[in-house]
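What follows is the residue order along each chain.
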There are 2 protein chains.
Amino acid sequence: MTKLFNDPSTFMEDALDGFVLANARYVAKVSGGVVRAQETKPGKVAVVVGGGSGHYPAFCGVVGPGFADGAVVGNIFTSPSTDDAYRVAKAADGGGGVLFSTGNYAGDVMNFNLAKDKLVAEGIDTRNVYVTDDVASAPVEDAHKRRGIAGDFVVFKAASAAAEAGLSLDEVERIAVRANERSRTMGVGLAGCTMPGATEPLFTVPEGMMGVGLGIHGEPGIAEEKLPSASDLADLLVDRVIAEKPDDAGPKVGAILNGLGATKYEELFVVWGRVARRLDELGLEVVDPEVGELVTSLDMAGISLTLVYLDDELETYWRAGADTPAYKKGGLEGASDAPARSAEDLAAVSEATTFAEGSPASQKTATQVLGALEVMAATIADAEAELGRIDAVAGDGDHGRGMVKGVNAAVEAARGVSGDGAGVETLLARAGEAWAAKAGGTSGVLWGQALKAFGASLGDTRESYTDGDTVEAVQAFLDTLTSLGKASLGDKTMVDALTPFVETLRSEVDRGASLAAAWASAAEVATKAADETAQLRPKVGRARPLAKKSVGTPDAGAISFAMCMTTVGEYLAAGKD
Amino acid sequence: MTKLFNDPSTFMEDALDGFVLANARYVAKVSGGVVRAQETKPGKVAVVVGGGSGHYPAFCGVVGPGFADGAVVGNIFTSPSTDDAYRVAKAADGGGGVLFSTGNYAGDVMNFNLAKDKLVAEGIDTRNVYVTDDVASAPVEDAHKRRGIAGDFVVFKAASAAAEAGLSLDEVERIAVRANERSRTMGVGLAGCTMPGATEPLFTVPEGMMGVGLGIHGEPGIAEEKLPSASDLADLLVDRVIAEKPDDAGPKVGAILNGLGATKYEELFVVWGRVARRLDELGLEVVDPEVGELVTSLDMAGISLTLVYLDDELETYWRAGADTPAYKKGGLEGASDAPARSAEDLAAVSEATTFAEGSPASQKTATQVLGALEVMAATIADAEAELGRIDAVAGDGDHGRGMVKGVNAAVEAARGVSGDGAGVETLLARAGEAWAAKAGGTSGVLWGQALKAFGASLGDTRESYTDGDTVEAVQAFLDTLTSLGKASLGDKTMVDALTPFVETLRSEVDRGASLAAAWASAAEVATKAADETAQLRPKVGRARPLAKKSVGTPDAGAISFAMCMTTVGEYLAAGKD
């Protein structure tokens, strides 16, 4: 949904104005588009690209050294006019002639051809190359009718790099034609974009489906299919592009995995992981892959894969540097001359795994603690979805999953040392580290560190343990939580359940109750306190500050803590039988 | 909506894997995150950034020369663990100590503090700086409780550039603290993001509203307000950030206008146009503004403005070059040393405005043509919405707007020369160029060129005109359209209405009907033919190839042509009265 605009009818002009203001060090405004802000070498061929707007960084975003000399900027998804193209080319021309290049769309072809006629009539040698990389837009026998999508980037870059290298207009044209002949793109659309001021998208894709063979102007795909996993989608893209591999293709390809706007970087990388492996299996070496947004379609969701089959010449221009508002390559002098880090060094960062054997009493306690962790793991697994729902009210809904990951990792780590002579301090140090490492987030580190403190309070070496020692260990758990988490009673956190738990446990043990009975009473108090956190409002500024709406819902961390204590109480009671 | 994933529970790992495969020239994977692929100078301070993932390019996207030495990568929106941070720092450490920097979130603070303790215990000097730029997350008196959002980028970059310059850990820490103290960000959320595998977004914003004071982990804003125009939103952001301008601030600021994911580049540029003017009015000089996606939140829609009040030292590090997967600065050697183009040269690209006076007959015909254009403009204005609806079925819905822009521009251009002695060829040359320039797109250039051909057929110099001359002019209109547009009868275009129009006009005039009567008959035939295009399917590959669903809907271009001919027929008939 395009939401930010002033007058929708001047959206393109407003955007171009802001673009030039943000990039005055690269581009200057001319009637119809932009040209480089700096003069180029006399006699250099001017590469002028263009088309409708709504595709940023295409096309004005790639004007600058190493890339285009000028970009003609039409309205959203609409060809610029003949005069626009003519004027930008006139401003960009440095005496070496003009190469126009756009995607192969009727409006662009007409307008840029007419602009060429006008320039030629004035004695400015001009050539036009239209990009036809979209394999889904026409069958291979009608390849000249295909549209240009992300392959625009490949062709524009090759032509521009050749022009920057000082080649003649004949040569620049030849290289642009060659780059186009060697480029293939396949894409899928996942959700439509809206025009500025419109309230409905230009198309919609049904839930769980995709449009195969995307367009970049709000066109749906050619066929609707079920949306597959990221890997299966990667296979679909690779298979379709590879099916038209030229007979004389060498082992090297340039590649673009392009996001259309709302399909974000993390998703692109997930797909790329599979694409890269497939290309490797096919014996292809990918040179300088580009994974990101190069040719967008407003906020459309979708993805496309472009391959350009490189020969030595195309490889040179694909690798060449550029410095433009939206695309930079080449970077700092000597940056990549430094030696690569050794894989051994990088893998060597790990920790000691040996430990001293614990006393018999500490080993026995360790075994009990492992049992408690195991029942906690079972309880949390059952409660995962419920904890997620509670957390989603005020947080990001990941508390259930985080707890499952954490407690399972803790059990696994504890099992790894239990029976090998580990005392309770060692066992909980390993369990706590594993919990924190796998759960991540705030509750992960709190549980992890608090468990470590619980274990450290008991130690690996004592000859016996009393119920009072357990109370002190639980106190150490609480103290770590409050000092590390900086939460106080009433802040709507786990502390609100833990504090009354410790108080009750201590007073019950002090008045002579068995540990199991005291624990059961304390767990009951903690459960009630956890439920009562529904009345609280989280303290603003400490963590996620926004949860006004969470009043009425208890704190997920307090709830999961109370659940764990309840199940451990049952475990202790069963042990007494 | 996050749509592309394999197993949602390994989304982060899958994304990181693909990221490393795509960027092997920059980064190497280590347990917990990534470090630079190349060794750094011995003794260099290592800047290690991090946090949860889902924010790309933050944080792994900015690892490389001039920027971070390593990035610790947590799960989506979840702090990485202590061990993750410890291990990445161990791998990144070059003997000069470690500066950790993350946003100020409880989980990150705990984990990175604990990692610091662990490193310090091993003799690796480590400092932690937490970013607190989000002015909406806590009042100014609690500024230390604020969260880090896009200001992360500023602080990480300043610290990294200082480390790259060889400064000591004390100095790098001081500069990071200073950059944080001088950075302020204000943002708004426009639509929520979804976690991989989830079917519902983490929050929603009601239609026409915005969440003021965004979070970058799926939190809604602090307050809901009506979504204003782009300019009013720019004012809101500027006012809120400027309200906390430090007393000792100089005239220079660095600026980031950051998109959260689905708020696209064109929208950012529209907002930036106003932000840049406001900052200029406030006497601030913006150094190297960044307008784009630097700290995202999956596919959330939203925008934030960050200002960093620069002193000489911060300016140096803000301007410094970098070469990383997602952020590059510095570019090609000498690229910006070339002289700037002169504004005069750029403005000079325009065309002659004089013309020779037409013959009286041609001037009279020109006046009639202007009248016809005027009634067409009125008719098209009334039909704009309807034409848009028809076009939206198979195209992008802009036909109505394009026609309005085109015909209005044509009328204006024609009025500009009518009465100054222009003949019909001159008048229609101007009108046609204006139509094409303002309407853009395919129909713009077709109408423009066809009108020019109509005028050229009549010429500026003849002494009289017959109805047969008009028929030939209309034939020239058709010939231009078919040769330029490459459409044939049956392709579902304007040609399907125009061809029978010309045939009827010619046969009616040939059999002696008055021009007005012949025109009326031809317009009737054209209207019927335009309606019948509903039965046709557009020819695949020629233009937009996807419109299977347009069967049942007529072609918008044929309909608008028939409307124009009908109204011109009425105009001719009225002229006869």
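Residue positions within a chain follow its written sequence, with the count starting from 1. Each chain gets a letter, beginning with A, and each ligand a number, beginning with 1, in the order they are written. Local features are withheld for residues below a pLDDT of 70 in this predicted model, meaning they are given only at 70 or higher, and side-chain atom pairs are given and counted only at 80 or more; totals for whole chains, interfaces and linings count all residues. Calculated side-chain values reflect all of the structure's heavy atoms, with hydrogen atoms and water omitted.

1. Some remarks on the domain arrangement of chain A
Line of reasoning, step 1. In this document the domain limits rely on a domain assignment from an automatic tool or a database. What the domain assignment lists for chain A is domain 1 (8–328) and domain 2 (360–576).
Line of reasoning, step 2. Summarising the inter-unit geometry, the C-alpha centres of domain 1 of chain A and domain 2 of chain A are found 55 Å apart.

2. A closer look at the relation of the copies chain B and chain A
Line of reasoning, step 1. A residue counts toward the fit only if its pLDDT is at least 70 in both copies, and the copies are then superposed by least squares on the C-alpha atoms of those residues. Under the fitted operation, chain B is carried onto chain A by 0.1 Å of movement along the axis and a turn of 180°, and the coordinates agree to an RMSD of 0.1 Å. Expressed as an axis order, the relation between the two copies is that of a two-fold axis.
Line of reasoning, step 2. Both copies present the same face, since 100% of the interface residues in chain B are matched by interface residues at the equivalent positions in chain A. Contacts between residues were defined by any pair of non-hydrogen atoms, one from each residue, lying within 4.5 Å.

3. What to know about the side chain of Thr185 of chain B
Residues and elements named next belong to chain B.
Line of reasoning, step 1. In this description a helix means any DSSP run of H or I spanning at least four residues, a strand means any run of E spanning at least two, and both kinds are numbered starting from the N terminus. By secondary structure assignment, the location of Thr185 is in strand β7 (residues 183–191).
Line of reasoning, step 2. Overall, Thr185 belongs to the buried group, its relative accessible area being 0%.
Line of reasoning, step 3. Think of a polar contact as two N or O atoms within 3.5 Å of one another; within protein, one of them needs to be a possible hydrogen donor and the other a possible acceptor, and neighboring residues in sequence only count if both atoms come from side chains. A distance of 2.5 Å separates polar atoms of two side chains, one belonging to Thr185 and the other to Asp133.
Line of reasoning, step 4. A polar contact is formed between the side chain of Thr185 and the side chain of Thr306, at a distance of 2.6 Å.
Line of reasoning, step 5. In this structure, Thr185 is in contact with Asp133, Asp134, Val135, Ile149, Ala150, Gly151, Val241, Ser304, Leu305 and Thr306, ignoring residues within four places of it in sequence. Between buried and exposed lies partly exposed: a residue is buried under 20% and exposed over 50% of the maximum accessible area for its type, with that area taken using a 1.4 Å probe on protein chains only.

4. What to know about unusual backbone geometry
Line of reasoning, step 1. Note that the residue after Ala58 of chain A, namely Phe59 of chain A, is joined by a cis bond; omega there is 5°.
Line of reasoning, step 2. Looking at the secondary structure, you find Phe59 of chain A in the loop between β3 (46–53) and β4 (70–76).
Line of reasoning, step 3. Cis geometry is found at the peptide bond from Tyr56 of chain B to Pro57 of chain B, where omega equals 10°.
Line of reasoning, step 4. Secondary-structure assignment places Pro57 of chain B in the loop between β3 (46–53) and β4 (70–76).
Line of reasoning, step 5. Its identity is not glycine, yet Phe77 of chain A carries a phi of approximately 55°, on the positive side.
Line of reasoning, step 6. Unusually for a residue other than glycine, Asp288 of chain B sits at a positive phi of about 45°.
Line of reasoning, step 7. Looking at where Asp288 of chain B falls in the secondary structure, it is placed in strand β11 (residues 285–292).

5. Here's the deal with the pattern of salt bridges
Line of reasoning, step 1. What counts as a salt bridge is simple: a side-chain nitrogen of Lys or Arg found within 4 Å of a carboxyl oxygen of Asp or Glu. Summed over the entire model, instances satisfying the criterion amount to 66 salt bridges over all chains.
Line of reasoning, step 2. With a shortest N-O distance of 3.0 Å, Arg506 of chain A and Glu472 of chain A are connected by a salt bridge. Here Arg506 of chain A is found in helix α15 (residues 495–510), whereas its partner Glu472 of chain A is found in helix α14 (residues 467–485), with 34 residues between them in sequence.
Line of reasoning, step 3. Look at the salt bridges and you will find they share partners, linking Arg25 of chain A together with Lys252, Asp288, Glu315, Arg319 and Lys329 of chain B into a network.

6. Description of the interface of chain B and chain A
Note on interface size: it is often stated as the accessible area lost on association of the parts.
Line of reasoning, step 1. Contacts between chain B and chain A engage 132 residues on the former and 134 residues on the latter.
Line of reasoning, step 2. Summed over both partners, the accessible area (1.4 Å probe) lost when two parts come together is defined as the buried area. Carbon and sulfur atoms make up 58% of the area that chain B and chain A hide from each other, which totals about 11300 Å².
Line of reasoning, step 3. Joining chain B to chain A, the criterion identifies 6 salt bridges.
Line of reasoning, step 4. Notably, a salt bridge pairs Lys264 of chain A with Glu293 of chain B, separated by 2.7 Å at the nearest N-O pair.
Line of reasoning, step 5. Remark: the boundary between chain B and chain A carries 31 residue pairs in polar contact (both at pLDDT 80 or more).
Line of reasoning, step 6. Sort the elements by how many residues they give to the side of chain B that touches chain A and helix α7 (residues 265–281) of chain B lands first, with 10 residues.
Line of reasoning, step 7. Here the side of chain B that touches chain A is composed, by residue class, of 58 nonpolar, 37 polar and 37 charged. Note that Gly is not counted as nonpolar here; it falls among the polar residues with everything else outside the nonpolar set of Ala, Val, Leu, Ile, Met, Phe, Trp, Tyr, Cys and Pro and the charged set of Asp, Glu, Lys and Arg.

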